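One-letter residues, chain by chain:
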Amino acid sequence: MFKLLKAFLRHHRRRPLPTLLWIFGVALGVTMVSGIYLANQSALNSFTSATRVLSGRATHEISTGAGQLDEKLYAEIMLKLPGLKAAPMVEGNLICNGQVVTIVGIDPLATRELNPLLQSTLKTDDLLRFIKTPGLVLASPAAAALADKENKLQLASGGRETSHPTLKILKTIELPQNPEKIIVFGDIAWTQKLLQGPGKLKKVELILENQAAIAELKKLLPPHIQLTATASSNRLYTAMLDSFSLNLTALSLLSLFVGFYLVYNTILFSLLQRRTEIGVLLTMGFSRNQISAALLVEISLIAGLGSLLGLGLGYALAGYSLNIINQTISDLYFFLRSSLPRLSPGFYLRGLLVGVGSAWAAAFFPLLEIRRNTILSLLSRRQGEDRTFRHRKINFSLGIIIIGASLGIAYLPAESPIFGFAAAFGICLGSSLLAPFGIDLILGRYFTARLPNIKWRLAIGAVRRSLSRSAPAVAALMVALSMSLAISLMIGSFRETVNQWFLNSIQGDFYITDSDRDYDASLLDAQLVSDLLKAPEVAAGNRYRNLRYQFNGRLIRLTGVDSKILKNYSNYHFTDKQTPNPWLEVSKGAVMISETLARKHKLTLGQRLTLNGFKGQQEFQVTAIFRDYVTEHGVILMDFENLKALMQDESVNSLALFLNKDVDRPAFARVLKEKLKPYSCKIYANHDLKRRIMEIFDRSFAITLSTRMIAILVAFFGIISALLAIYLENEREYGILRALGLSRNEVFAIALGHSLTLGLLAVIGAGLSGPLLAWILVKVINLKSFGWSIDFSFDLMLFPMTIAITILASLAAGLYPAWRISATQPSFQMRER
Amino acid sequence: MRPDILHTNDAISLSMTTYSMNLSVPLSQPFIKLEKIGKTYAGAVPVTALQEINLEIDRGERLALLGKSGSGKSTLLNLLALIDKPSCGSLFIDNRESALFSEKEATAYRRRDIGFIFQFFNLLPTLTLRENITLPMELLQQNDDDLVHQLTREAGIADKLERYPEEVSGGEQQRAAVIRALVKKPRLILADEPTGNLDLETGLHIVGLINEICDSFGTALVMVTHSQEAAQACTRRLKIIDGHLLDDV
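Residues numbered from 1 in each chain as written. Chains lettered and ligands numbered in written order. Predicted model: local features only at pLDDT ≥ 70, side-chain atom pairs only at ≥ 80, totals over all residues. Heavy atoms only, no water.

Quick look at the overall build of chain B
Helix and strand content of chain B: seven helices and twelve strands. Within chain B, buried positions represent 57% of all 249 residues. Of the roughly 10,900 Å² that chain B leaves accessible, carbon and sulfur atoms contribute 48%. (Helix = DSSP H or I, 4+ residues; strand = E, 2+ residues; numbered from the N terminus. Buried < 20%, exposed > 50% of the residue type's maximum accessible area, 1.4 Å probe, protein only. Areas by Shrake-Rupley, 256 points an atom, 1.4 Å probe, with all protein chains shown as cover.)

Some details on the pairing of strand β8 (residues 114-117) of chain B
Residue and element names in this part refer to chain B. Burial of β8 is two-sided: the residues I114 and F116 facing one way and the residues G115 and I117 facing the other way are all buried. Pairing between β8 and strand β9 (residues 188-192): four bridges, direction parallel. Its bridge partner lying in β9, F116 is registered against L190. (Pairing = 2+ DSSP bridges.)

Brief notes about the environment of G787 of chain A
All names here are of chain A. Tracing the backbone through its elements, the reader meets G787 in the loop between α31 (744-786) and α32 (798-823). Note on G787: relative accessible area 1%, which makes it buried. Excluding residues that lie within four positions of it along the chain, G787 makes contacts with E595, T596, R599, K600 and N782. (Contact = heavy atoms within 4.5 Å.)

Digging into the sheet that holds strand β4 (residues 99-106) of chain A
Residue and element names in this part refer to chain A. Spatially, β6-β7-β5-β8-β4-β3-β10-β1-β11 is the arrangement adopted by the nine strands of the open sheet, whose pairing is mixed. Whereas interior strands pair on both sides, the edge strands pair on one side only; in this sheet they are β6 (152-154) and β11 (226-229). Averaged over all adjacent pairs, the angle separating strand axes in this sheet is 35°, with direction ignored. In this sheet, β4 lies alongside strand β3 (residues 85-96) in antiparallel orientation, the contact comprising eight bridges. In the strand pairing of β4, V90 is matched with G105. Across the sheet, helix α9 (residues 211-220) touches β1 (60-63), β10 (203-207) and β11, and the angle it forms with β11 is around 160°. (Axes fitted to C-alpha atoms, helices over the stretch in contact; angles between N-to-C directions.)

Some words on the side chain of S789 of chain A
Residue and element names in this part refer to chain A. The topology assignment puts S789 in the loop between α31 and α32. We classify S789 as buried; its relative accessible area is 10%. Only 2.4 Å separates the side chain of S789 from the side chain of E595, close enough to count as a polar contact. Within polar-contact distance, the side chain of S789 engages the side chain of R599 at 3.1 Å. Once residues within four sequence positions are removed from consideration, S789 is found in contact with T497, E595, R599, R627, Y629 and L783. (Polar contact = N/O pair within 3.5 Å; in protein donor to acceptor, adjacent residues only side chain to side chain.)

A few points about the packing of α31 of chain A against α32 of chain A
Residue and element names in this part refer to chain A. Orientation of α31 relative to α32, taken along the N-to-C sense of each, is 150°, at an axis distance of 7 Å. What the angle tells us is that α31 and α32 run roughly antiparallel. In this structure, α31 crosses over α32, and the sense of that crossing is right-handed. Looking at side-chain class alone, the contact of α31 with α32 contains 18 nonpolar, eight polar and one charged residues. (Parallel < 35°, antiparallel > 145°, perpendicular 65-115°, else oblique. Left-handed = near helix turned anticlockwise from the far one by under 90°. Nonpolar A, V, L, I, M, F, W, Y, C, P; charged D, E, K, R; others polar.)

Concerning the confidence of the model for chain B
When pLDDT is averaged across chain B, the result is 83; 88% of the residues are at 70 or more. A low-confidence stretch, residues 1-25 of chain B stays under pLDDT 50, and its non-local contacts, those more than four residues away or across chains, total 51 contacts. (pLDDT = per-residue confidence, 0-100.)

Some remarks on the packing of aromatic side chains
All names here are of chain A. Taken as a whole and assessed by the stated rule, the structure comprises 23 aromatic pairs over all chains. Their ring planes at 20° and their centres at 5.6 Å tell us that F794 and F799 sit as a pair that is stacked. Feature note: the residues F494, W501, Y629, F697, F701, F786 and W788 constitute an aromatic cluster, connected by ring pairs. Here the guanidinium or amino end of K200 rests over the ring plane of F614, the centre of that ring lying 5.2 Å away. (Phe/Tyr/Trp six-rings, centres within 6.5 Å; stacked < 30°, edge-to-face > 60°. Lys NZ or Arg CZ within 6 Å of the ring centre and 35° of its normal.)

As structure tokens, then:
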């Protein structure tokens, strides 16, 4: 058995190039899957609610859902339940040295009960200073790193106070589970004024030891106050990333799928080269089981090498993509800074399972073919009838059935996008099965015989004759191209839709904001807002107030706007509305909801929503549903004054200014900039804001585009592998052609013709399956993942570009095999082996 | 009495109740017997390779099979090796019909009792000559370095055993292939045009080597050949014409 394995392994030493391609194929698949997984997990694991880092023992928390809790409630609870372990907290994000710093206000005496870390950090003397000194903070190591020589942090954004607070670091507090967090803790007395406003808390954390304690507390809570378990509240934030993570994971699996073809082709080629050897071994008395076992061990060892390489590359990819993921999450969801963890045994095991597993899957059919063949057919020096050719019609029928079934699955009434992904995979698989019959049909005798040039017939004929080699290569490239085309079409459609949304919804001349991240706590000075609205150049201004709000177990956006202004200064795309002008209803107390909110929470027009405010609950009727692309989690839009009343908060996050028609915009911009200097605000002209939004949009697809490129790279190597296989099968023929008088250049051209033929066949297939895949991406996956409606737009330029790229890639892939074919001595090619 | 041989690696076991040299079969009974064997290959146009073949092969007998290309010689060899099945008729090995052999029994038969010599040598290219030669013995969990040394010295390739097949000549490859087939002392050698790819002189050497070793081990031989010289070295010569077997040409 050992000798058998030795014989099989030495085969790779003799033919290193196909083996390298095999290892590469496995490595690429493992790279994508492990890299994306690690980056995703790092991002998810790094995030915890800012206050969670301290409250190690807290089991529950009470809040209103919008982070605006009346502190009187806390006092009342502590009075009625004196033994209760509870700690009030405030929280917000401000800017320091260009970095977002999370500030958490705590009652150190109460919080010590919930977390021993604080107890050990704040000794008695420190505790007194901490309580008595405004601006004195405990800082995480990452926050401390931002401080100046005097251990001070100068905040650029002033929050609710117009002055710019300076924070002095008392001590560094180690956060072993969140080392990257930029977070400071201050006494609740001064932080409350800075972040939430007088009399307001973000939440109260508690330890409730049993159901009886929970029941007792619930009796004291008014209906608009929520009591949630700690784990559930943390899940609120990570749930925001669900769709994002799922889509990334699906993309990585699609790359694995493409890599699978490269591995399949290489294994098939390797096994078919050894047909006669295997026949001899069977004749000698080896059993099929012994041979299969030795081959599986061989495959596992080679795949193992590929997996290890893939794990290393995957770690590097994770590092690269983590930056992009962090950036995207920070742009779209909440500020996040995470780093790669230490690698666990699970990481290696997962990578090996993926790599070796995919190799086993790829080897399944080739091994089965070897097992099924009689000894006689294996010994025969003739290749015999190509099984792929024989089964081409069956495979074609199967492919059509799979594609049809996939389309059916895609439209199953399910909330999850899983069926959409399954449909996408099904379309890729089904399209691959069409390849053999498609190649035979297109390159059939009828077509080939009518080619004017014998050399063209030779070039194309080899591709058709070696169907079991060329079909997988064409399938791999076709899937990669389809994916690329589909993603391009989807991104293009999405971009155009967002562009249109921007034109309709964002019509202000200038937008002023304190910070373009973490809108909750970044607030504009009230006097500034008032002054700007009264400026003579300003025809109208719209105030925005945005809050994160817990709605049906999900964090959504609750936005207040000046509805009377937007009635005249916007052109929202309403998908449904009760009246011709919903803005009027909004100004009277109704709300509008975004399409994504309506879909995800199954809300309808006319439905009444109960919202938890600062003082109590209030009902609002849904008067319209509108398209929005700011967040996939949904928006409830109401009039600014109604939100102010609901939350007892008149803060403004940002302001849109609509200028009079005759105002010189550039001149006004200069004046505005001067005026806003003391406030460290950001000013965006309309086109600047659009550019920024599009930058964020493009950045969020950066990883998607990388995945697309890697898939094409894999397919490129798949073509090389297939060409080498075709070359070896037809080696004698090339030798004969040279012996008959064809020159090296002519043979080179014929060989390059094989490559070009493979590429063009793939493009034809991708031209059919790509738009279908794009349709699934746009109308099913995106819709169910994020809830967005995207108008499908067809960029015709994509097709000629795809053809051009494919031709270039095919020719490049064919260079080495063509050189090998033309450079080898004809006598060597024709000799009997 | 052939001992029980258990191959734990692939669970092939030869037991006295299944395939074995059956002592109840008298030595006068032929080792292999073919009764009305026929072989037709299906296809768009069926091809009949063998018709009504009746043949008995005794222990230690040396047969030469002659005939034109396409007459069915190789087909007969394949049937004898149980790597192909007859379309009709019966093939008996030690008085037991081969159609009743399970896959494991057929494998055991090839492993233990058959040595195959191919026209195109078919040495495993990734093993040295030594490794190729000792492979069948390893399969039987046997080890006989002395025998290997003796046979390779007689064949004139003892100094080339660490080389790979592509590093030696065709004649040397075929000698290694012959020793590979014979080193396990099989009961039957099937040689399919063993000299077909060699020059006359080398071919005669090979035939001589085969006959010599078969003599010393008492191994039966069925050799397909075009060579009259090779056929002369055998005790019986048969001719196949259009799938029919003619005796004693």
